Amino acid sequence: MKRLSRLFMVVGSLGLGAAACSSSTPPSASGTAQLAAPSPVLDADKQWSMQNKNTSATRYSTVNEINTENVKSLKVAWSFSTGVLRGHEGEPLVVNNTMYVHTPFPNIVYALDLSKEGAPVKWKYTPRQDAAVIPIACCDTVNRGVAYSDGKIFLNQLDTNTVALDAETGKELWKVKQGDYKMGQTITSAPMVIKDKVISGISGGEFGVRGFVTANDVNSGKQVWRMYSTGPEAEVGFPGSVETWQGEEWKRGGGTTWGWYSYDPELNLFYYGTGNPGSWNPDQRPGDNKYSMTIFARNPDTGKAAWAYQKTPHDRWDYDGINENVLVDLNMNGQMRKTLVNFDRNGFSYVLDRTNGELLLAQPFVHVNWAKGIDMKTGKPIEDPEKQTSATKNTKDICPSAMGGKNQQPVSYSPRTGLFYVPTNNLCMDYEGVQVKYQAGQPYVGAIVVSKPGPGGNRGEFIAWDPTAGKKVWGIKEELSAWGGALSTGGDVVFYGTMEGWLKAVHAKTGDVLWKFKTPSGIIGNPMTYVGPDGKQYIAVLSGIGGWSGIGVAADMSLEDPTAGLGAIGAFKDLANFSNQGGVLTVFSLP
């Protein structure tokens, strides 16, 4: 890791990898919003059977035993050591009386029996992987979780294998290889099951990997289709990519797909974002570089795209566009619309019509100075020439930094308040492009980047956001970035974690902090909730510092060079004062 870290210190920094309710769901307090179609999950109100709770990716649970009045009484019910250090992203799943817990590399999966005291291990699956894949993951060996469907657990391994396990026994049912880590390809994202297909992405944009998504048959593992982010129409499933690249740069064009997925069963479209173009040096790739930095809407049966919206054409800042797309119906200017809401790394919050990709609203949700706004007619950013990057200069004080106004940490949406709850970063950067030559399996970054605290000095803020007005309602400033995900509940309580390790419960309407607990390590994972076999509501969260923001501590790196950790050390040199390595699941309940 240290060898590769030194190499990356030369070439730049990294773009990491990084409940639909029943008809009884209370309406929005503002009367302006509602969730998309219900998700096909088992007893959705009481369980947590997919990442981000449902196919709409709302991270909202109707369970309300824990509320604003009694949350102050939460106590630790039990805890579980994963036995693995490094960054713990994502969240466990709960299906019936079993909890499924995942880890970073080596990507262990545990099945815990919730019907027994202390939740003992039912089975444990440990993949066999070559440790040589570790440095290919660049900034950390994270994994964002497993998927469940029809008695099977699906896991994406760091070495690009996708595995199906028997949910009752942990027996391996099938395994398929999606890529080659020796060529710079890895997988850090959670898979998603849509009907009879399991959808997986690919990581490695900083190695010149050409991004793609793959659909495999859930029963056999056989590849049904694969669609790329860049290239000819037949391989992208949408026209207009090749002509936006110079020569054959599209073959190493990035646009990797290491983020989250969502799905609208009524429209039969699934949505995801693509990452930064390769390389980070914009001078080497003239043009819009489609379809990097793009939200795709694809038919899961064929892989073909219904529409594509590029947020940051010719990305000059590594604003990796993989953040989750939340599907809710909103009242936009007096008309109910089927919308998709995205909080992008580039610092802008987008509201799109998810049926056709029409841009309805775009406003900054953090401090932004690289662009003056979004042109609502063209959908393109109005760039500030003073903040454009190139290999001819070191551009100073660009906000947000490459680490994003929000990175992989997913937001939550509550239909009770009509608000989004957004963990954000307050970071800026200095950015200098450098010439880099492509060599398969080697870093293909082409920039020297230093991240640093943004205006005010606080490196993060947890905010409530009104999507119809495009405005912040309230915010809680954090010393470090809010790198963990959000959870909102029917009890009007919102949960989120901090890099110091605090799990906080706040009032959904006011932002008042109602309760907090210090977990053993920094939280970059996502809190979740479920009802146990005893009928009680539980809150669970993984702690384990790491990810891009925590790579200095997770990988025990030198803190002398601010460009190390692919620019992260510049912003988080003092992280070891706040958090140590760990890997623990902590579960809470009322007495």
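The preceding data block contains the structure.
Let me sum up the structure you'll find in this document. Quantities reported herein were computed from a predicted structural model and do not represent experimental measurements.

Observations regarding the overall build of the chain
Broken down by element type, the chain carries four helices and 39 strands. On the principal axes, the C-alpha backbone points of the chain span a range of 65 × 55 × 50 Å. Summed over all atoms, the accessible surface of the chain reaches about 18,500 Å², with 48% contributed by carbon and sulfur. Separation between the mean location of the 56 positive side-chain charges and that of the 56 negative ones in the chain comes to 2 Å.

Focus: the side chain of Asn 342
Tracing the chain through its elements places Asn 342 in strand β21 (residues 335-343). Among the residues examined, Asn 342 registers a relative accessible area of 0% and is labelled buried. Among the polar contacts listed, one links the side chain of Asn 342 to the backbone oxygen of Asn 323, at a separation of 3.1 Å. Polar side-chain contacts of Asn 342 include one of 3.4 Å to the backbone nitrogen of Asp 344.

Section: the pairing of strand β9 (residues 152-156)
Of all the five residues making up β9, five are buried; the element is thus mostly covered by neighbouring parts of the structure. By the alternation rule, side chains of β9 split into Lys 152, Phe 154 and Asn 156 and Ile 153 and Leu 155, which are all buried. Two strands pair when backbone bridges link them, and strand β8 (residues 147-149) and β9 are joined in this way by three bridges, in the antiparallel orientation. From the neighbouring strand, Ser 149 faces β9, where its bridge partner is Lys 152. Counted between consecutive antiparallel strands, the loop separating β8 from β9 contains two residues, among which Asp 150 sits at a positive phi close to 50 degrees. With five bridges connecting them, β9 and strand β10 (residues 161-166) associate as antiparallel partners. Paired with Ile 153 across the strands is Leu 165, a residue of β10. In sequence, β9 turns back onto β10 through a hairpin of four residues, with Thr 160 there showing a positive phi of about 85 degrees.

Some words on the state of the cysteines
Throughout the structure, instances matching the rule amount to one disulfide. One disulfide in the model links Cys 399 with Cys 428; its S-S distance is 2.0 Å. What sets the handedness of the Cys 399 and Cys 428 disulfide is the S-S torsion sign, and at about 100 degrees it is right-handed. Note that Cys 399 is positioned in the loop between β26 (394-398) and β27 (412-414) and Cys 428 in strand β29 (residues 427-433), a separation of 29 residues in sequence. Of the two residues examined, Cys 399 and Cys 428, each falls in the buried class. Of all cysteine sulfurs, the one in Cys 139 lies closest to Cys 138, which takes part in no disulfide; the gap is 6.1 Å. By relative accessible area, Cys 138 is classed as buried at 8%.

Regarding the sheet that holds strand β12 (residues 192-194)
The strand order across the open sheet built from four strands is β12-β13-β14-β15, with neighbouring strands paired in antiparallel fashion. Whereas interior strands pair on both sides, the edge strands pair on one side only; in this sheet they are β12 and β15 (223-228). Averaged over all pairs of adjacent strands, the angle between strand axes in this sheet comes to 20 degrees, irrespective of strand direction. Relative to β15, strand β14 (residues 212-217) runs antiparallel, the two sharing five bridges. Bridged to Phe 212 within β15 is Tyr 228.

Thoughts on the sheet that holds strand β5 (residues 98-102)
As summarised here, the arrangement of the four strands in space is β4-β5-β6-β7, forming an open sheet in which the pairing is antiparallel. Sheet topology places β4 (93-95) and β7 (121-125) at the edges, where each strand pairs with a single neighbour. Recorded for the sheet is a direction-independent mean angle of 20 degrees between the axes of neighbouring strands. Taken together, the three bridges between β4 and β5 define a ladder with antiparallel strand orientation. What sits directly across from Val 94, in β5, is Met 99.

How each quantity is defined
Residues numbered from 1 in each chain as written. Predicted model: local features only at pLDDT ≥ 70, side-chain atom pairs only at ≥ 80, totals over all residues. Heavy atoms only, no water. Helix = DSSP H or I, 4+ residues; strand = E, 2+ residues; numbered from the N terminus. Areas by Shrake-Rupley, 256 points an atom, 1.4 Å probe, with all protein chains shown as cover. Lys, Arg positive; Asp, Glu negative; His and termini not counted. Charge placed at Lys NZ, Arg CZ, Asp CG, Glu CD. Buried < 20%, exposed > 50% of the residue type's maximum accessible area, 1.4 Å probe, protein only. Polar contact = N/O pair within 3.5 Å; in protein donor to acceptor, adjacent residues only side chain to side chain. Pairing = 2+ DSSP bridges. Disulfide = S-S within 2.5 Å. Axes fitted to C-alpha atoms, helices over the stretch in contact; angles between N-to-C directions.

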